[in-house]
Amino acid sequence: MTKSKICIHPWSHVNINPNGDVWPCCHQRGPEMYVLGNFKTQTIEEIFNDEPMRKLRRDMIAGKLPEEVCMKCIEYEKMDIFSPRMEANRQPYAPEIMKLVEQTKPDGSIENFKIKYWDLRWSNKCNMACIMCDPDWSSLWTQNLRAHYKNMSDEVIESDGMLKHYRDKIGDDKVMHVPDMGWIDKHIHDVENIYFAGGEPLLMDEHWYILEKLDKLGRHDVKIKYNTNMSKIEHLGKKGLDYWRNWPRSHMSIEASIDETGERAEYIRSGTVWPTVEKNIRTLVDAEVKVQPNTSIGAYNVMRLPELLEELWELFKRPNVNIPLRINLNPVLNNWCRIHILPDEWKQNTKQKLLKIQQAKFPVTKLEKILYELDRPQNIDATHAFFRHISFLDLNKHTTLFDALPEFKELDDMYGNLYDKFKNEWIEKSNYKRHSSTSADIHSSIHN
């Protein structure tokens, strides 16, 4: 057995998604996800030794990182970037799991396993509809699309690949309430890392159940990390700070999904109320809870990244306290809003600005990956797709692309005003009236 291709996740980790699917981890990339099983129809114990998980273990033991599952880590490691696999393998419990790897049976099954890391995304319940997201991860996206489709015929939807793709994602609600908390109670004494994401985790009852149980058990040794849009830090009378203060700073981390500030933030992550988000961030900073930005970088914000890094530093830093602030960057890989839609000259100008950043002031992770994306040649087809998608998403917004991100008007001009061309086509297909009450009604329902 070679350990050079081992990731400890298949022996120690569970990643549950809004539709109930269980994945090897959240970092897998590909046209189809590698699904280990489904939480709605199987127990975690069954999934952990079912054939998809056993095959994954057999491949790794044989020295193979399967591309259909591990492509992101494979790409990162080829570029000498510290990968999620490497991060997993340096966890404190990794030596214990490596011993379990050695005890794996020839068919890939294991006995007496302990699930050390929970990645929980039980629901797509969310009060935002972010540009880079989709209905799988946002209930507001789902509601917005359903509002669009009420004005479109089945024939129109069937004849358009993009419309059909999204239509297929909104058939079923993905607001899944965990029917049985028993597995949580069973495994809570073994868990060492929990990652809460969504949707928006602070809107989910199951999150509060786990947080309260850990607190009552005195399990403040469990490392907890959030991916949250910072719209709320309390829910149904429960206040996050009442719990988070009980964890040491080294074991509690709030990763704030902040991709822009002000009106730009309210456009990119539709549903954002920036003064509220800003206030919540400062509340946690002042309470000395570890809160740091986790910033998704696509075509819509990369050109302002040098200035944005400065703004994030000012927003998240603790005055007069010498504790490092880390800004984590995640390149958006959706083809239609990826960095590669921008002209090469624009990308290179941005790259030169980023190369001048003094990282001694604010450590930035994954900057190498952003620089790599900036070197990719422009994809003209994706540029067209950007204007087609964004004009569709703007149908029920009061603020549109050029209002919030005026630099894109110049790009639109380069290609013969694609935005208006596509917008008029959508209106013709849907007979949709802009500035209807639909958007306000949707946002009101999800916030209440």
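This text goes with the structure placed above it.
Residues numbered from 1 in each chain as written. Predicted model: local features only at pLDDT ≥ 70, side-chain atom pairs only at ≥ 80, totals over all residues. Heavy atoms only, no water.

1. Re the overall build of the protein chain
Line of reasoning, step 1. Scanning the protein chain from N- to C-terminus turns up 23 helices and 14 strands.
Line of reasoning, step 2. Each principal axis of the C-alpha atoms in the protein chain carries an extent, and together these give about 65 × 55 × 50 Å.
Line of reasoning, step 3. Each of the 448 residues in the protein chain was classed as buried or not, and the buried ones make up 57%.
Line of reasoning, step 4. Taking as baseline every contact in the protein chain between residues at least 6 positions apart, the subset at least 24 positions apart corresponds to 76%.
Line of reasoning, step 5. Taking the 62 positively charged and 67 negatively charged side chains of the protein chain as two groups, their mean positions are separated by 3 Å. (Helix = DSSP H or I, 4+ residues; strand = E, 2+ residues; numbered from the N terminus. Buried < 20%, exposed > 50% of the residue type's maximum accessible area, 1.4 Å probe, protein only. Contact = heavy atoms within 4.5 Å. Lys, Arg positive; Asp, Glu negative; His and termini not counted. Charge placed at Lys NZ, Arg CZ, Asp CG, Glu CD.)

2. Details of helix α16 (residues 305-316)
Line of reasoning, step 1. Taking 1.5 Å per residue as the helical rise, α16 with its 12 residues ought to reach 16 Å, and the 16 Å between its terminal C-alpha atoms agrees with that figure.
Line of reasoning, step 2. All of the buried residues along α16 are Leu305, Pro306, Leu308, Leu309, Leu312, Trp313, Leu315 and Phe316. (Expected span 1.5 Å × (residues − 1).)

3. Description of the packing of aromatic side chains
Line of reasoning, step 1. One pass over the full model with this rule turns up 13 aromatic pairs.
Line of reasoning, step 2. Ring geometry for Trp118 and Trp183: centres 5.0 Å apart, planes at 55 degrees, overall tilted. In this pair, Trp118 sits in strand β4 (residues 117-120) while Trp183 sits in helix α10 (residues 182-187), placing the two residues 65 residues apart along the sequence.
Line of reasoning, step 3. Taken together, the aromatic side chains of Trp336, Phe386, Phe387 and Phe408 make up a single cluster linked through ring pairs.
Line of reasoning, step 4. In this structure, Lys225 packs its charged tip against the face of Tyr195, placed 5.3 Å from the ring centre. (Phe/Tyr/Trp six-rings, centres within 6.5 Å; stacked < 30°, edge-to-face > 60°. Lys NZ or Arg CZ within 6 Å of the ring centre and 35° of its normal.)

4. Observations concerning the nonpolar core
Line of reasoning, step 1. Grouped together as the largest cluster of nonpolar side chains are 135 residues, with contacts concentrated most on Trp118, Trp183, Trp244, Ile370, Phe392, Leu401 and Phe408.
Line of reasoning, step 2. For this core, the leading source of residues is α16, giving seven residues.
Line of reasoning, step 3. Leave out the neighbours within four places in its chain, and Leu401 touches Tyr267, Phe386, Phe387, Ile390, Asp394, Pro406, Phe408 and Tyr419. (Core = buried A, V, L, I, M, F, W, Y, C linked by side-chain atoms within 4.5 Å.)

5. Quick word on the packing of helix α17 (residues 344-355) against helix α18 (residues 367-375)
Line of reasoning, step 1. Remark: α17 packs on α18, axes separated minimally by 9 Å, with the N-to-C direction vectors making an angle of 155 degrees. Taken as axis vectors, α17 and α18 run roughly antiparallel relative to one another. For the pair α17 and α18, the sense of crossing is left-handed. Listed contacts from α18 to Lys347, Gln348, Thr350, Lys351, Leu354 and Leu355 of α17 are Leu367, Ile370, Leu371, Glu373, Leu374 and Asp375.
Line of reasoning, step 2. Of the residues belonging to the contact of α17 with α18, the class tally is six nonpolar, two polar and four charged. (Axes fitted to C-alpha atoms, helices over the stretch in contact; angles between N-to-C directions. Parallel < 35°, antiparallel > 145°, perpendicular 65-115°, else oblique. Left-handed = near helix turned anticlockwise from the far one by under 90°. Nonpolar A, V, L, I, M, F, W, Y, C, P; charged D, E, K, R; others polar.)

6. Quick word on the pairing of strand β7 (residues 223-228)
Line of reasoning, step 1. Here strand β6 (residues 193-196) runs beside β7; their pairing, made up of four bridges, is parallel. Bridge pairing in β7 links Asn193 to Lys223.
Line of reasoning, step 2. For the crossover that starts at β6, traverses helix α11 (residues 205-217) and ends in the parallel β7, the hand is right-handed.
Line of reasoning, step 3. Summarising the sheet, β7 and strand β10 (residues 252-256) pair through five bridges and their orientation is parallel. The partner of Ile224 across the bridge, within β10, is Met252. (Pairing = 2+ DSSP bridges. Right-handed = clockwise from strand over helix to strand, strands pointing away.)

7. Re helix α22 (residues 418-430)
An α-helix turns once every 3.6 residues. As a result, residues three or four positions apart point the same way.
Line of reasoning, step 1. Taking 1.5 Å per residue, 13 residues should reach 18 Å; α22 reaches 18 Å between its end C-alpha atoms and fits that length.
Line of reasoning, step 2. All buried positions along α22 are accounted for by Leu418, Tyr419, Phe422, Lys423, Trp426 and Ser430. Considered in projection along α22, the buried side chains sweep an arc of 125 degrees and stay on one side of the axis. (Arc of directions from axis to C-beta.)

8. Looking at the pattern of salt bridges
Line of reasoning, step 1. What the rule picks out here adds up to 41 salt bridges.
Line of reasoning, step 2. The partner of Glu51 in a salt bridge is Arg58, and the shortest N-O contact between them spans 2.7 Å.
Line of reasoning, step 3. Using a relative accessible area of 31% as the deciding quantity, one classes Glu51 as partly exposed.
Line of reasoning, step 4. When its relative accessible area of 30% is taken as the criterion, Arg58 is described as partly exposed.
Line of reasoning, step 5. Taking the shortest distance from any N to any O, the salt bridge between Glu75 and Lys369 comes out at 3.9 Å. Residue Glu75 is found in helix α4 (residues 67-78), and its partner Lys369 is found in helix α18; the two are separated by 294 residues along the sequence.
Line of reasoning, step 6. In the salt-bridge network here, residues are joined through shared partners; they are Glu75, Arg338, Lys369, Glu373 and Arg376. (Salt bridge = Lys/Arg side-chain N within 4 Å of Asp/Glu carboxyl O.)

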